[in-house]
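# Summary of the model geometry
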Amino acid sequence: PTEAGIVWQDARRPAQESLSEDIFVRVDIELLERLKTAPRRRMILETDLFMLPTPIREGAGRPFYPYLLLLVHGQTGFILGFELMHAEHNIRDLWARVPLQLAIKLQELDMVPTTIKTRKGLMASLLEGLTDLDPESLEVLRWAAANASVRVRPSSTRAIKPAANS
């Protein structure tokens, strides 16, 4: 206890920031066009974005909790790529950058998988636009509904209305 009688306790709690507002996703159309000609790989790419539990600091700046965008080979579990990200302004801006970061990682890998598997909700909604790379074979699967493939055409900027349970 402190001198005032307060007892501090370390605890993990879920973030309370609401994602009920639209998220405007910026898509690099030229990058998507380049990915359309990238080799197709008959594989499942599992991806997710999650917060790391350890704060970091750049220089003398304020510490922050980074997020990790992770790309994993679905059959082998091999990590194909990752991107350390952080919410510079707010969590909506972070989520809005996810599709572009995933597209950049696919370009670095010089391939497009036949299936992208992710958890349901916001992450799946954000990745729907990537099905435009190959609408005949690329699917976005959701953890809880593996049979749900989604095909949505992206525009240069699109608004995503997060589901209530995201």
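Source: prediction; values computed, not measured.

### A closer look at the side chain of Q101
- Along the chain, Q101 falls in helix 2 (residues 91–109).
- In this view, Q101 contacts L69, E83 and M85; residues no more than four positions away in its chain are not counted.

### With respect to the nonpolar core
- Counting 30 residues, the largest nonpolar core has L49, W95 and V98 as the members making the most contacts within it.
- At the level of elements, strand 1 (23–26), helix 1 (29–36), strand 2 (40–51), strand 3 (67–73), helix 2, strand 5 (112–118) and helix 3 (122–127) are the ones that each hand at least two residues to this core.
- For this core, the element with the most residues is helix 2, which contributes 8 residues.

### Examining the environment of L94
- Within the secondary structure, L94 sits in helix 2.
- Note: C-alpha distance between L94 and Y67 (27 residues apart in sequence) is 8.8 Å.
- Those residues in contact with L94 that lie beyond four places of it in its chain are L49, Y67, M85, H86 and A87.

### With respect to the side chain of T47
- Counting through the fold element by element, T47 comes out in strand 2.
- Side-chain polar atoms of T47 contact the backbone oxygen of L70, separated by 2.9 Å.

### With respect to the pairing of strand 4 (residues 79–85)
- Relative to strand 4, strand 3 is paired through 6 bridges, and the arrangement is antiparallel. When the sheet's bridge partners are listed, L71 is paired in strand 4 with G81.
- A loop of 5 residues connects strand 3 with strand 4, the two strands running antiparallel in sequence, and G77 in this loop sits at a positive phi of about 80°.

### A short note on unusual backbone geometry
- For D110, which is not glycine, the phi torsion reads 55° and is therefore positive.
- Looking at the element boundaries, D110 is found in the loop between helix 2 and strand 5.

### Overview of the pattern of salt bridges
- Considering all chains together, one arrives at 3 salt bridges under this definition.
- Where E33 meets K36, a salt bridge forms, and the shortest distance between an N and an O atom there is 3.2 Å. In this pair, E33 and K36 are both assigned in helix 1, 3 residues apart and thus about one turn of the helix distant.
- What makes K36 partly exposed here is its relative accessible area of 30%.
- Among the ionic contacts, a cluster of salt bridges with common partners joins E83, K105 and E108.

Rules behind the numbers
- Every chain begins its residue count from 1, and numbering advances along the sequence as written.
- Whole-chain, interface and lining totals are the exception, using all residues; otherwise, since this is a predicted model, local features are given only for residues with pLDDT of at least 70 and side-chain atom pairs are given and counted only at 80 or more.
- With hydrogens and water set aside, each side-chain value is computed from the structure's full complement of heavy atoms.
- Helix and strand labels come from DSSP, where a helix needs a run of H or I of at least four residues and a strand needs a run of E of at least two; each type is numbered from the N terminus.
- In what follows, a contact means two residues having at least one pair of non-hydrogen atoms within 4.5 Å.
- Here the nonpolar core consists of buried residues drawn from Ala, Val, Leu, Ile, Met, Phe, Trp, Tyr and Cys, with membership extended through side-chain atoms lying within 4.5 Å.
- Exposed residues in this analysis have more than 50% of their type's maximum accessible area, buried residues have under 20%, and partly exposed residues fall in between, with area computed by a 1.4 Å probe over protein chains only.
- Polar contact criterion, stated in full: a pair of N or O atoms within 3.5 Å, where within protein one must be able to donate a hydrogen and the other to accept it, and residues adjacent in sequence count only if both atoms are side-chain atoms.
- A strand pair is defined by DSSP finding two or more bridges across the two strands.
- In the sections that follow, a salt bridge refers to a side-chain nitrogen of Lys or Arg positioned within 4 Å of a carboxyl oxygen of Asp or Glu.

It is worth stressing that arrangement in space is one thing and function is another; only the former is reported here.
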